[in-house]
Amino acid sequence: MVVAVFVLSLLAAMALGVPIAFSLMACGMAMMFYMDMFDAQIIAQNMLSGADSFPLMAIPFFVLAGELMNAGGISRRIVDVAGAWVGHFKGGLGYVAIFACVLMASLSGSAIADTAAVAALLIPMMRKAGYDIPRASGLIASGGIIAPVIPPSIGFVMLGVVGNISITQLFIAGILPGLMMALALVLTWAYQSHRDDMPRGERMPLRQRLSATIAGFWALLLPLLIVGGLKAGYFTPTEAAVVAVFYALFVGFVVYRELRWSQLYGLLLASAKTSAVVMFLVAAAQVSAWLIAAANIPMVVADMLQPLVGSPVLLMLVIMALVFTVGTALDFAPTILILVPVLMPVVRMAGIDPVYFGVLFIMNNAIGLITPPVGTVLNVVCGVARERMEPVIRAVMPYLLAQTAVLLLLTLFPPLVMVPLRFFTR
């Protein structure tokens, strides 16, 4: 019965239009009343402990790093590098978009920020070149959701804290799945570009390509710095976020000289607003998480899934189907904060590697960002491109299916997820 109280109270609050954070608090209070243990101190203490986490400090710093990179010219130079090397192919600007999304993903870890930056730079170019804009918008949205999978990832930080999983291992294990998602987009776009005879850009001379690459050197160096520093043990993921901020400041002020002191207040304010929303959501979710544990809901779920515990692959398929369904209605962070405390005990009981589960969980959540009706990233790209949602939803479907196929492949063949981790930890 307590599971029904948890689910129904959460859904009822959301149906009334209550913001997710307050819905989670309302859900927690409903469970407390049902369990006859209401105490305002429990709410206050759990909210405080939920936000009081050193690893979670990485979130505001990665958000700020992304803002600084966009304002400091790093994002634009990444697009220039991609255009120099792949822009001359048939449908070349589509490949530029995918390449730029992957590079941006390795810098900020935010799907919304990366999608907005790439769309703002490329949509006008693609419109001018005669591309189908809903299709271009769908491609950029699908490329933007790679950001939570390739390190550094805000989603991995949240998952690591909530699920008690090594964030560094999640970062490293996410490299190959993220690149596979990008490859799925490349293959899908290649088929469409040849079928529909898309525009072809001009081939740049080698000297011009090298010049663009040299200009983007400082932008391309950051992901190597972060991954290399994590592997060598020079800094933790939280410290890596601070390094990213200082690096973005240095490049923006000293190297590219596109940042101005007058911009800093606005960038800090935008980062603080975004971070506050996420951190308040995490704090509110801790109330529900504590009550989920107190009500022994994980064991109830474990009993329901007990017949599947002996078959880890089948269990993962069922969990992925559940997460995919929830992801169509809930945003990225709430899905992590609601489902992970419930599912992690079952995953550990079945002997499934938590890092493997974490990577697939975040991939599934990322795909949820482009699935209607919520589709946060779809809303962002439609706003930037000034397109209606319906044609963009139709256009995004081939890319959605391609990335879902990658998720299914990795679910059926777990060793593929762990390859980068074994390589980097040798």
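### A word on the nonpolar core
Turning to step 1, where the next piece is worked out: Ranked by internal contacts, the top residues of the largest apolar core, which has 156 residues, are L122, I140, M158, F357, L360 and F361.
Turning to step 2, where the next piece is worked out: Non-local contacts of I140, meaning those with residues more than four positions away in its chain, are made with A97, C101, T115, V118, A119, L122, I123, M126 and V381.

### Some remarks on the environment of F6
Turning to step 1, where the next piece is worked out: Here F6 shows up in helix α1 (residues 2–15).
Turning to step 2, where the next piece is worked out: Sequence-wise, F6 and T328 are 322 residues apart; in three dimensions their C-alpha atoms are separated by 19 Å.
Turning to step 3, where the next piece is worked out: Residues within four places of F6 in sequence aside, it is in contact with C27, M31, I292, I297 and I338.

### Description of a nonpolar patch on the surface
Turning to step 1, where the next piece is worked out: Taken together, the side chains of V313, L408, L409, L412 and F413 define a hydrophobic patch exposed on the protein surface, amounting to about 400 Å² of accessible area.
Turning to step 2, where the next piece is worked out: For the nonpolar patch, the element with the most residues is helix α21 (residues 389–412), which contributes 3 residues.
Turning to step 3, where the next piece is worked out: On the secondary structure map, F413 appears in the loop between α21 and α22 (415–424).

### Here's the deal with the pattern of salt bridges
For side chains of opposite charge, pairing can occur when their charged atoms come near one another.
Turning to step 1, where the next piece is worked out: Per the stated rule, a full pass over the model turns up 8 salt bridges.
Turning to step 2, where the next piece is worked out: Its salt-bridge partner being D197, residue K90 comes within 3.3 Å of it at the nearest N-O pair. Here D197 lies in the loop between α11 (175–195) and α12 (206–215) and K90 lies in the loop between α5 (74–86) and α6 (92–105), a separation of 107 residues in the sequence.
Turning to step 3, where the next piece is worked out: Using a relative accessible area of 55% as the deciding quantity, one classes D197 as exposed.

### Overview of the packing of α6 against helix α7 (residues 111–129)
Turning to step 1, where the next piece is worked out: In the contact formed by α6 and α7, the axes pass within 10 Å of each other and the chain directions differ by 165°. Here α7 runs roughly antiparallel to α6, going by the angle between their axes. Handedness of the crossing formed by α6 with α7: right-handed. Taking contact as the criterion, the partners of L93, G94, V96, A97, A100, C101, M104 and A105 in α6 are, on α7, D114, A117, V118, L122, M125, M126 and A129.

### Some thoughts on the packing of aromatic side chains
Turning to step 1, where the next piece is worked out: Across all of its chains, the model carries 9 aromatic pairs by this definition.
Turning to step 2, where the next piece is worked out: Taking the centre distance of 5.4 Å and the plane angle of 50° together, the rings of F22 and F280 count as tilted. Taken together, the residues span a long stretch of sequence, with F22 in helix α2 (residues 20–34) and F280 in helix α15 (residues 261–294) at a distance of 258 residues.
Turning to step 3, where the next piece is worked out: Judged by relative accessible area, which is 45%, F22 ranks as partly exposed.
Turning to step 4, where the next piece is worked out: Residues W218 and F250 carry aromatic rings whose centres are separated by 6.0 Å and whose planes lie at 65° to one another, so their mutual orientation is edge-to-face. Placement of W218 in helix α13 (residues 217–232) and of F250 in helix α14 (residues 237–255) is noted, with a sequence separation of 32 residues between them.
Turning to step 5, where the next piece is worked out: Judged by relative accessible area, which is 30%, W218 ranks as partly exposed.
Turning to step 6, where the next piece is worked out: An aromatic cluster is present here, built from F217, W218, Y247 and F250 joined pairwise through their rings.
Turning to step 7, where the next piece is worked out: One residue, R77, lies across the ring of Y256, its end atom 3.7 Å from the ring centre.

### A few points about helix α16 (residues 297–309)
Turning to step 1, where the next piece is worked out: If you check α16, its first and last C-alpha atoms are 17 Å apart, about what 13 residues at 1.5 Å a residue would give, namely 18 Å.
Turning to step 2, where the next piece is worked out: The axis of α16 is deflected most strongly, by about 45°, at D303, and proline P307 appears within four residues downstream.
Turning to step 3, where the next piece is worked out: Of all the positions in α16, only I297, P298, V301, A302, L305, L308 and V309 are classed as buried.

### Points about unusual backbone geometry
Turning to step 1, where the next piece is worked out: The peptide bond linking P151 to P152 adopts the cis configuration, its omega dihedral lying at 0°.
Turning to step 2, where the next piece is worked out: Among the secondary structure elements, P152 is positioned in the loop between α8 (133–144) and α9 (154–163).
Turning to step 3, where the next piece is worked out: Of note, the phi angle at D36 is positive, near 55°, even though the residue is not glycine.
Turning to step 4, where the next piece is worked out: With respect to the secondary-structure elements, D36 resides in the loop between α2 and α3 (40–51).
Turning to step 5, where the next piece is worked out: Here D36 falls in the exposed class, since its relative accessible area comes to 72%.
Turning to step 6, where the next piece is worked out: Phi at R386 is positive, roughly 55°, even though this residue is not glycine.
Turning to step 7, where the next piece is worked out: Relative to the elements of secondary structure, R386 occurs in the loop between α20 (376–385) and α21.

Thresholds applied
Residues numbered from 1 in each chain as written. Predicted model: local features only at pLDDT ≥ 70, side-chain atom pairs only at ≥ 80, totals over all residues. Heavy atoms only, no water. Core = buried A, V, L, I, M, F, W, Y, C linked by side-chain atoms within 4.5 Å. Buried < 20%, exposed > 50% of the residue type's maximum accessible area, 1.4 Å probe, protein only. Contact = heavy atoms within 4.5 Å. Helix = DSSP H or I, 4+ residues; strand = E, 2+ residues; numbered from the N terminus. Patch = residues over 30% accessible without salt bridge, like charges linked within 9 Å, V, L, I, M, F, W, Y side chains within 5 Å. Areas by Shrake-Rupley, 256 points an atom, 1.4 Å probe, with all protein chains shown as cover. Salt bridge = Lys/Arg side-chain N within 4 Å of Asp/Glu carboxyl O. Axes fitted to C-alpha atoms, helices over the stretch in contact; angles between N-to-C directions. Parallel < 35°, antiparallel > 145°, perpendicular 65-115°, else oblique. Left-handed = near helix turned anticlockwise from the far one by under 90°. Phe/Tyr/Trp six-rings, centres within 6.5 Å; stacked < 30°, edge-to-face > 60°. Lys NZ or Arg CZ within 6 Å of the ring centre and 35° of its normal. Expected span 1.5 Å × (residues − 1). Bend = angle between axes of the 7 residues up to and from the residue.

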